[in-house]
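Next come the chains, spelled out residue by residue.
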Amino acid sequence: MTATASAAFDITAARPSDPEATALIRRHLAQMAAQSPEESCHAMDISGLEGPEVKFFLLRRSGRALAMGALKDLGDGARELKSMHTLVEARGSGAGRAMLEFLLDLARSEQAAAVCLETGSTDDFLPSRRLYESFGFAPCPPFADYAEDPWSVFMRLDLRAAA
């Protein structure tokens, strides 16, 4: 699947094991490990992102990968937003917003009932939580295999209500 999110960005399906994807994933995992205790870090590694239930994408500008994101099929009509990450040097460019719009459009095209996510509860994650809230995500209880965790915030967007 290929889509142009705007004139400035190109979003394409990618393999997490491709070199530019691997570099982004490693930066993401390092940042998450620095911001959350190991037992509260739920970021997927390369092998997890290559699972058959996951669709992984890269966002590029002028051919350079600046952001990534994935949707995981939870098997109950819902999708989980995974591995949303924008390089520090590209933050504020609209790359994260473009990736989120793309992934939500994909979930809608797949007739998903909802999109859920887990993100951090600390101030480091405040910009991410604000982005999700701007799209209508609201706090929810833990879903799938997650448990209550003071380091986590769980959010859900009901796509049927938003339609």
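Preceding this paragraph is the structure being described.
Residues numbered from 1 in each chain as written. Predicted model: local features only at pLDDT ≥ 70, side-chain atom pairs only at ≥ 80, totals over all residues. Heavy atoms only, no water.

Draft legend 1. Representation of the pairing of strand S5 (residues 78-86) within the structure. Counting buried residues in S5 gives nine out of nine residues, a clear majority hidden from the surface. Alignment of strand S4 (residues 64-73) against S5, held across six bridges, turns out to be antiparallel. Residue pairing for S5: Asp 73 is matched across the bridge by Arg 79. Remark: four residues form the turn of the hairpin made by S4 and S5, two consecutive strands paired antiparallel; Gly 75 in that turn has positive phi of roughly 80°. Where S5 meets strand S6 (residues 114-120), three bridges bridge the pair, whose relative direction is parallel. The residue of S6 that forms the bridge with Arg 79 is Val 115. After leaving S5, the chain enters helix H3 (residues 95-109) and then returns to the sheet as S6, a path that is right-handed. (Buried < 20%, exposed > 50% of the residue type's maximum accessible area, 1.4 Å probe, protein only. Helix = DSSP H or I, 4+ residues; strand = E, 2+ residues; numbered from the N terminus. Pairing = 2+ DSSP bridges. Right-handed = clockwise from strand over helix to strand, strands pointing away.)

Draft legend 2. Examining the nonpolar core more closely. Of all hydrophobic cores here, the largest spans 41 residues; its most connected members are Phe 56, Leu 59, Leu 81 and Phe 137. Broken down by element, the residue count for this core peaks at nine residues, all from H3. Ranked by size, the runner-up nonpolar core spans five residues in total, among them Cys 140, Phe 143, Tyr 146 and Phe 154. (Core = buried A, V, L, I, M, F, W, Y, C linked by side-chain atoms within 4.5 Å.)

Draft legend 3. Inspection of helix H4 (residues 126-134) at higher detail. Restricting attention to buried positions, one finds in H4 the residues Arg 129, Leu 131 and Tyr 132. On an axial view of H4, the arc spanned by its buried residues comes to 160°, and they lie on one face. Relative to its buried face, H4 has exposed residues pointing more than 90 degrees away, namely Pro 127 and Arg 130. At its buried positions, H4 is contacted by S5, H3, S6 and strand S8 (152-158). Phi turns positive one or two residues past the end of H4, at Gly 136, with a value near 100°. (Arc of directions from axis to C-beta. Contact = heavy atoms within 4.5 Å.)

Draft legend 4. Geometry of unusual backbone geometry. At Ser 62, a residue that is not glycine, the phi angle is positive and equals roughly 55°. In this fold, Ser 62 is placed in the loop between strand S3 (54-61) and S4.

Draft legend 5. Examining the environment of Met 44 more closely. Following the sequence through the fold, Met 44 ends up in the loop between helix H1 (19-35) and helix H2 (46-49). Relative accessible area serves as the criterion here: at 12%, Met 44 is assigned to the buried category. Linking Met 44 and Ser 17, residues 27 residues apart in sequence, is a C-alpha distance of 13 Å. Apart from the residues within four sequence positions on either side, Met 44 is in contact with Ile 25, Leu 29, Leu 49, Val 54, Lys 82 and Ser 83.

Draft legend 6. Local environment of H3. Given a rise of 1.5 Å per residue, 15 residues ought to cover 21 Å, and the 21 Å separating the end C-alpha atoms of H3 matches this to within 8%. Along H3, the positions that sit buried rather than exposed are Ala 95, Gly 96, Ala 98, Met 99, Leu 100, Phe 102, Leu 103, Leu 104, Leu 106 and Ala 107. (Expected span 1.5 Å × (residues − 1).)

Draft legend 7. Geometry of the packing of H3 against H4. Interaxial distance between H3 and H4 falls to 11 Å at its minimum, and their mutual angle equals 45°. The pairing of H3 with H4 is recorded here as oblique in orientation. Note that H3 runs across H4; the crossing there is right-handed. Facing H3, whose interface residues are Gly 96, Arg 97 and Leu 100, H4 presents Leu 131, Tyr 132 and Ser 134. Residue composition of the contact of H3 with H4, grouped by class: three nonpolar, two polar and one charged. (Axes fitted to C-alpha atoms, helices over the stretch in contact; angles between N-to-C directions. Parallel < 35°, antiparallel > 145°, perpendicular 65-115°, else oblique. Left-handed = near helix turned anticlockwise from the far one by under 90°. Nonpolar A, V, L, I, M, F, W, Y, C, P; charged D, E, K, R; others polar.)

Nothing here speaks to function; it is all geometry.
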